[in-house]
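Inside the fold
What follows is the residue order along each chain.
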Amino acid sequence: EAFPQLVDAEARYRFRLGLDVDMTAPAATILAVAAGSPAEEAGLMTGNVIVKVGDMPVRNGFDFHLALIDCKPGVPLPIEIDRGRKPKLFTVVPREIPLRPAERVSGLANGLNYSAYAGEWNALPEFDQLEAAHSGTTDTFNLDVWAESGEQFALRFTGYIHAPQPGLYHFYTSSDDGSRLWIGDQLIVDNDGTHGSVEHSGLIRLEAGQHRIAVGYFQGPGGKSLSVSWEGPGIHKQEIPASALFVANEEGTN
C-alpha cells in the first residue's frame, strides 16, 4: 500500500489520470475510475485489466505506477486493456494538477488550536459529532496538551501552515496509534487504525502562502506518539517547526 505513495507520479509530475489500480492482485486491475477524470473521459472502466502503458508492458500494479513516471500533462498516454485475443487501446490525456491556492488570512499568530476528547476508539472518531473535554492553543503537535488525558483519548489540531515557495510538498505523520492529516478539505496522509509507531505520507502541490492544516490523532492502550513532518522546495525532511504554524482571529479564504 505504501508503494503508490512513495512513487505518486501524478502528484510529483503534476498530472491526473483518475485511476485506482489494485496493488495486491497478480494483474493491474482497475478498482475505481474517478468521476469526471481523464480516465473516465477516455472510456476506461472498473474491472479493466491494464497490460500496457505507453511502450511499457504492465504485469501488475507496481508496473503501472512505474510506467507513469515519464508521463506529462497534456501529452496523450496510450493504455492497453486486456480483451482476450484482441486487446483494446485507449488514449488518455493526463490533466494538469494546479497548485492549491493559498488562503487570505488576517490576524495571524504562531500556534495551533487543539481540542481534546475522552473515549475509546479503534479508529479516528468523527470529531464534529463529539463534545471536546478540553481545548486551547499550543505551539505545535504536542500530545501533552491535556494533562488528564490518560490512555484513551483523541486530539484534533487545526490552524494554518505557511508554504514558503510554490511547489510539491510531502507531508508525513508517524504515530502510535492512528493519525490523519488534511490540507484544506483534502486528506493527504491516512495513518489511521490501532498500531505501533508507523509512518505514512502523502503529496500535495501548494501555492506559496497560508493553507489550512488539520491533524487528528487517537490513543488506545499502550504506547503513544505523534510526529508531523514535511519536506518541500528548499525544505529537507523535518518535523514541522512552530514558526510555520499559525492560528488566526480573523480570516478570509479565496
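Look up a bit, the structure's there.
In this report, the structure presented in the accompanying data block is examined. The structure displayed is predicted, hence computed values, not measured ones.

Taken together, the three bridges between strand E18 (residues 225–232) and strand E19 (residues 235–239) define a ladder with antiparallel strand orientation. For Ser229, the partnering residue across the bridge sits in E19 and is Glu239.

This part takes up the pattern of salt bridges. Taken as a whole and assessed by the stated rule, the structure comprises nine salt bridges. Linking Arg95 and Glu41 is a salt bridge whose minimum nitrogen-to-oxygen distance equals 2.9 Å. Placement of the pair is Arg95 in strand E8 (residues 95–96) and Glu41 in helix H3 (residues 38–42), with a sequence separation of 54 residues. Accessibility expressed as a relative area gives 58% for Glu41, which makes it exposed. The shortest N-O distance in the salt bridge between Arg180 and Asp190 comes to 3.0 Å. With a gap of ten residues between them, Arg180 in strand E14 (residues 179–183) and Asp190 in strand E15 (residues 186–191) connect regions that are remote in the sequence.

One pass over the full model with this rule turns up one cavity of 30 Å³ or more. What the largest cavity holds in volume is close to 30 Å³. Forming the walls of the largest cavity are Thr140, Phe141, Leu226, Ser227, Val228, Glu239 and Ile240. In terms of residues, the lining of the largest cavity owes the most to one element, E18, which gives three residues. By residue class, the composition of the lining of the largest cavity is four nonpolar, two polar and one charged.

Let's shift gears to the packing of aromatic side chains. Scanning all chains against the criterion turns up five aromatic pairs. Between Phe153 and Tyr217, the ring centres sit 6.1 Å apart and the planes meet at 50°, which makes this aromatic pair tilted. Note that Phe153 is positioned in strand E12 (residues 153–163) and Tyr217 in strand E17 (residues 209–219), a separation of 64 residues in sequence. This pair shows no difference in class: Phe153 is buried, exactly as Tyr217 is. Three or more aromatic residues joined by ring pairs form one cluster here, namely Tyr169, Phe171 and Trp230.

Each value, and the rule that gives it
Residues numbered from 1 in each chain as written. Predicted model: local features only at pLDDT ≥ 70, side-chain atom pairs only at ≥ 80, totals over all residues. Heavy atoms only, no water. Pairing = 2+ DSSP bridges. Helix = DSSP H or I, 4+ residues; strand = E, 2+ residues; numbered from the N terminus. Salt bridge = Lys/Arg side-chain N within 4 Å of Asp/Glu carboxyl O. Buried < 20%, exposed > 50% of the residue type's maximum accessible area, 1.4 Å probe, protein only. 1 Å grid on protein atoms, 1.4 Å probe; cavity = no way out; pocket = protein on both sides within 12 Å on 5 of 7 lines; lining within 4 Å. Points joined across faces, edges and corners; volume = space filled by probe spheres on them. Nonpolar A, V, L, I, M, F, W, Y, C, P; charged D, E, K, R; others polar. Phe/Tyr/Trp six-rings, centres within 6.5 Å; stacked < 30°, edge-to-face > 60°.

Everything listed is a geometric property; what it means functionally is a separate question.
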